[in-house]
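Overview (structure and organization)
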Amino acid sequence: MTLGNYFGNIYKGLKSLATGMRLTGKYFVRRGDSLTQNYPNNRETLKLADRFRGEVVMPHNESNEHRCTGCTACELACPNGSIKILTKFVVNEEGKKKKAIDTFVYHLDTCTMCNLCIVACPTDAIIMANNFEHSVFDRTKLLKVLNKPESKIMTGVE
Amino acid sequence: MILSIYNFTSLTDNFHSFLSAHMAEGFVLATELVVTGLLVITFVAVLAMVLIYLERKVAAYMQLREGPNRVGIYGTGQVVADVLKLVLKEGITPNGADKLMFNLAPYVVLSTCMLALAPIAFGNGLVLWDLNIGVLYITSITSLGVIGILIAGWSSNNKYSMLGAMRSGAQIVSYELSAGLCIISIVVLSGSMQMSEIVNSQADGWWIFKGHIPVIIAFVIFIIAATAELNRAPFDLAEAESELTAGFHTEYSGMKFAMFFLAEYINMFVLCALAATLFLGGWMPFHIGNWTAFNNVMDYIPSPLWFFGKTFFIIFIIMWFRWTFPRLRVDQLLDLEWKYLLPISMVNLLAIALMNILGWHF
């Protein structure tokens, strides 16, 4: 090791240490960047990522219509059987008998938020919602029916 | 009244004469020892709590977190809760351990670091024991702590503890050399090993300003060596939680673990106080040349405030190190000491001695 190398090493080492300390020093001074949110205190202003997976929901429009055809693709995709779809036959305007969902049963207690049902859905009838406050004292309350009562399939969704 | 010039010796003298008027000489000494002992224990307990809270907050802020903020105002109650938890927990002694040694080790570590508080000048005249070899006393007492760590590691009958203790021994023994050389360089400049003399020698300017670049180099090396002596990250090989669980205190629980924890933080305070005394002027207020008005304003700040301000500034720098740098490997650790710090501090000491002889400092 030459003498130049020796002092070069010291200089490089000190420089890299100073770079690291500048970064943490900046974090220390600028408190606005804090990644932690004071959760229970800021429930109104809570910021969650758009793709945060809280629970599976089925959006309905104003006339109480959903996009689910009852194809059971989500039920087949679910790795642990958290979805159960019960179908029925309804007669449409043309007098034809058609398959439609009766109840879309969703077990929130066993759901692992793996997102496979959302990926499997061909008509984008179900989505992941951000709501994550699911604590209840009785586990049966976690058994949910996603389609609203009296809801129908949206016209044009096959 | 100019506060930082206020001498606390009159206070202690008054206390002494008050006691002497009421009791025999032997009792006076005993009472004074008990009072100072109680003061030290209270100080140590409060200081450790403050430092733990500070450490957690600094760590959190540097990692973009919030830190403790639930118990009490800004989470200050969290430390009290943690200490209470440790006090109430059961202290388990493992079956295979050497019982006497295992239970003795935390007391050795804690008592050595409390002994090292004795010669530190907390303010003008506020010294427990102003002996004429104060600096030498501190360096020798702090190196005794490693014996406690070795006892703890060996008596635990656990390979992680043993490895941690051996690493800690190697580390402290090697880094004491460069720390000692940096201390000697200030002893050369001030011409005394007595803490009060060293502080008084900086009345017209702190050594870090008066001593040009060599003293700044000595300061940097002392801070690095002190971090290594404290077994703190980036030199925390003795604990290295990813490799050795918790190093030498793996088997300890409850109050005995708390004593190691306490000793770690008190040691940090002692070494930072030493650095503040040697390089930043101890309790001496900050003065600039002949700015009389500015100097007078500085004189109004009490001397203990100056001392604690400087000490906590250095403590903050050491915490800053901990939460920025990754841990060194053992060979890197010894490389740093034997190839870089020791040669540089030797040459530096020579330069400072030369500077002192030729009178090049202010």
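No experiment lies behind these values; they were computed from the predicted model shown. The numbers attached to residues start from 1 for each chain and follow its sequence in the written order. Working convention: letters from A go to chains and numbers from 1 go to ligands, in the order in which they are written. Totals for whole chains, interfaces and linings use all residues, but because this is a predicted model, local features are given only for residues with pLDDT of at least 70 and pairs of side-chain atoms are given and counted only at 80 or more. Only hydrogens and water are set aside; all other atoms, that is, all heavy atoms of the structure, feed into the side-chain values.

Here's the deal with the overall build of chain A
On a plain count of helices and strands, chain A comes out with three helices and seven strands. Labels follow the DSSP assignment, with helices taken as runs of H or I lasting at least four residues and strands as runs of E lasting at least two, numbered in each case from the N terminus. Order of helices (α) and strands (β) in chain A, N terminus to C terminus: α-β-β-α-β-β-α-β-β-β. The C-alpha atoms of chain A give 27 Å as radius of gyration, which overshoots the globular expectation for 158 residues (15 Å, by more than 25%). In terms of principal-axis extent, the alpha carbons of chain A reach across some 95 × 40 × 30 Å. The buried label applies to any residue whose accessible area, calculated with a 1.4 Å probe on protein chains only, is under 20% of its type's maximum; exposed applies above 50%, and partly exposed to all values in between. Taking all 158 residues of chain A together, the buried fraction comes to 28%. Residue contacts are counted whenever heavy atoms from the two residues lie within 4.5 Å of one another. Within chain A, residue pairs in contact and separated by at least 24 positions form 69% of the contacts whose partners lie at least 6 positions apart. On chain A, roughly 11000 Å² of surface is accessible, and the fraction owed to carbon and sulfur atoms is 57%. Radius of gyration: C-alpha atoms only; globule rule: 2.2 Å multiplied by the number of residues to the exponent 0.38. The Shrake-Rupley method, run with a 1.4 Å probe, gives the accessible areas here. Residue values count only the displayed protein chains as cover.

Considerations on the overall build of chain B
In terms of helices and strands, chain B carries 14 helices and zero strands. In chain B, the order of α-helices and β-strands from amino to carboxyl end is α-α-α-α-α-α-α-α-α-α-α-α-α-α. Compactness check: chain B gives a C-alpha radius of gyration of 21 Å against a globular reference of 21 Å for 362 residues, within 12% of the reference. On the principal axes, the C-alpha backbone points of chain B span a range of 65 × 60 × 45 Å. A buried classification covers 50% of the 362 residues belonging to chain B. In chain B, the share of contacts with a sequence separation of at least 24, taken over all contacts with a separation of at least 6, comes to 76%. In the structure as shown, chain B presents an accessible area of about 16700 Å², 72% of it carried by carbon and sulfur atoms.

Regarding the nonpolar core
The biggest cluster of nonpolar side chains holds 95 residues, and the ones touching the most others in it are Leu117(B), Ile120(B), Phe222(B), Met268(B) and Phe269(B). For this core, the element with the highest residue contribution is helix α11 (residues 254-279) of chain B, accounting for 16 residues. In this structure, Phe269(B) is in contact with Phe43(B), Leu47(B), Leu51(B), Leu117(B), Phe122(B), Phe307(B), Phe308(B), Thr311(B) and Ile315(B), ignoring residues within four places of it in sequence. Take the buried Ala, Val, Leu, Ile, Met, Phe, Trp, Tyr and Cys residues and link them wherever side-chain atoms come within 4.5 Å; each set so joined is a nonpolar core. Within the second largest apolar cluster, 20 residues are counted, among which are Val56(A), Phe104(A), Cys111(A) and Ile126(A).

Regarding the side chain of Ser174(B)
Residue and element names in this part refer to chain B. Within the secondary structure, Ser174 is located in helix α6 (residues 159-190). A residue is classified by how much of its surface remains accessible, and Ser174, at 2% relative accessible area, is buried. Nitrogen and oxygen atoms within 3.5 Å of one another constitute a polar contact, given that in protein one can donate a hydrogen and the other can accept it, and given that sequence-neighbouring residues count only through two side-chain atoms. Engagement of the side chain of Ser174 in a polar contact is seen with the backbone oxygen of Ala170, the distance being 2.7 Å. Beyond its immediate sequence surroundings of up to four residues, Ser174 is in contact with Leu334, Glu337 and Trp338.

As for helix α2 (residues 25-62) of chain B
One less than the number of residues in a helix, times 1.5 Å, gives the span that helix is expected to have. Taking 1.5 Å of rise per residue, 38 residues should cover 56 Å, and α2(B) covers 54 Å from first to last C-alpha, within 8% of that figure. Backbone geometry just after α2(B) places Leu64(B) at a positive phi near 60 degrees.

Notes on the pairing of strand β4 (residues 97-107) of chain A
Residues and elements named next belong to chain A. Strand pairing is defined by DSSP finding a minimum of two bridges between the two strands. Relative to β4, strand β3 (residues 83-91) runs antiparallel, the two being bridged by nine bridges. Residue pairing in the sheet places Ile83 in a bridge with Tyr106 of β4. Counted along the chain from β3 to the antiparallel partner β4, the turn is five residues long, and its residue Gly95 has a positive phi close to 85 degrees. In this structure, β4 lies alongside strand β6 (residues 143-145), joined through three bridges in antiparallel fashion. Looking across to β6, one finds that Val105 is bridged to Val145.

Re the sheet that holds β3(A)
Residue and element names in this part refer to chain A. Taken in spatial order, the three strands of this open sheet run β3-β4-β6, and their pairing is antiparallel. A single partner strand is all that each edge strand has here, and the edge strands are β3 and β6. Going from strand to strand, the sheet's axes swing by 25 degrees on average, the running direction of each strand aside. Axis lines are fitted to C-alpha atoms, over the contacting stretch for helices. Their N-to-C directions set the angle, which ranges from 0 to 180 degrees.

Quick look at the environment of Asn130(A)
Residues and elements named next belong to chain A. Positionally, Asn130 belongs in the loop between β5 (127-129) and β6. In this structure Asn130 comes out as partly exposed when scored by relative accessible area, which is 29%. Sequence separation between Asn130 and Arg51 is 79 residues; the distance between their C-alpha atoms is 7.9 Å. With near-sequence residues (within four places) excluded, Asn130 lies in contact with Leu48, Ala49, Asp50, Phe52 and Gly54.

Some points on the packing of helix α9 (residues 212-229) of chain B against α11(B)
Residues and elements named next belong to chain B. Their axes nearest at 10 Å, the elements α9 and α11 cross at an angle of 170 degrees. When the interaxial angle is binned, α9 and α11 end up roughly antiparallel. Within the contact between the two elements, α9 uses Val215, Ala218, Phe219, Phe222, Ile223, Ala226 and Glu229 and α11 uses Leu271, Leu274, Ala275 and Phe279. In this count, Pro and Cys sit with the nonpolar residues alongside Ala, Val, Leu, Ile, Met, Phe, Trp and Tyr, while Asp, Glu, Lys and Arg are called charged and the others, Gly among them, polar. Here the residues of the contact of α9 with α11 are counted per class, giving ten nonpolar, no polar and one charged. Put simply, angles under 35 degrees are roughly parallel, angles over 145 are roughly antiparallel, angles from 65 to 115 are roughly perpendicular, and the rest are oblique.

Considering the interface of chain B and chain A
How big an interface is tends to be stated in terms of the accessible area lost upon association of its parts. Facing the 18 residues of chain B at the interface are 19 residues of chain A. Using a 1.4 Å probe, buried area is obtained as the accessible area two parts lose upon being combined, added over both of them. The largest contributions to the chain B side of the interface with chain A come from Tyr61(B), Leu64(B) and Tyr340(B), which together make up 35% of the buried area. Definition used for salt bridges: Asp or Glu carboxyl oxygen within 4 Å of a side-chain nitrogen of Lys or Arg. For the interface between chain B and chain A, the tally reads zero salt bridges. Counting the contacts that link chain B with chain A gives five residue pairs in polar contact (both at pLDDT 80 or more).

So, the packing of aromatic side chains
Residue and element names in this part refer to chain A. Ring geometry is summarised as follows: Phe, Tyr and Trp rings, the Trp one being its six-membered ring, pair when their centres sit within 6.5 Å, and such pairs are stacked at plane angles under 30 degrees, edge-to-face over 60 and tilted between the two. Applying the stated rule across the entire model yields 27 aromatic pairs over all chains. A centroid spacing of 5.5 Å and a plane angle of 50 degrees characterise the contact between Tyr39 and Phe132, whose relative ring orientation is tilted. Taken as a pair, Tyr39 in the loop between α1 (3-29) and β1 (55-57) and Phe132 in the loop between β5 and β6 lie far apart in primary sequence, 93 residues in all. Ring centres 6.0 Å apart and planes at 85 degrees place the aromatic pair Phe52 and Phe132 in the edge-to-face group. Here the residue Phe52 occupies a position in the loop between α1 and β1, and Phe132 occupies one in the loop between β5 and β6, the gap between them amounting to 80 residues. Note on Phe132: relative accessible area 31%, which makes it partly exposed.

Observations concerning the domain arrangement of chain A
Splitting chain A by domain gives domain 1 (3-33) and domain 2 (55-152). With centres defined by C-alpha atoms, the gap from domain 1 of chain A to domain 2 of chain A works out at 54 Å. Per the annotation, domain bounds derive from an automatic or database assignment of domains.

Some details on a nonpolar patch on the surface
Residues and elements named next belong to chain B. Patch membership is restricted to residues that have no salt bridge and whose relative accessible area is over 30%. Joining uses 9 Å for like charges and 5 Å for the nonpolar side chains Val, Leu, Ile, Met, Phe, Trp and Tyr. Judged by side-chain polarity, Phe15, Phe18, Val35 and Leu39 come together as a nonpolar surface patch covering roughly 370 Å² of accessible area. For the nonpolar patch, the secondary structure elements donating two or more residues are α1 (9-22) and α2. Position of Phe15 among the secondary structure elements: in helix α1. A relative accessible area of 35% places Phe15 in the partly exposed class.

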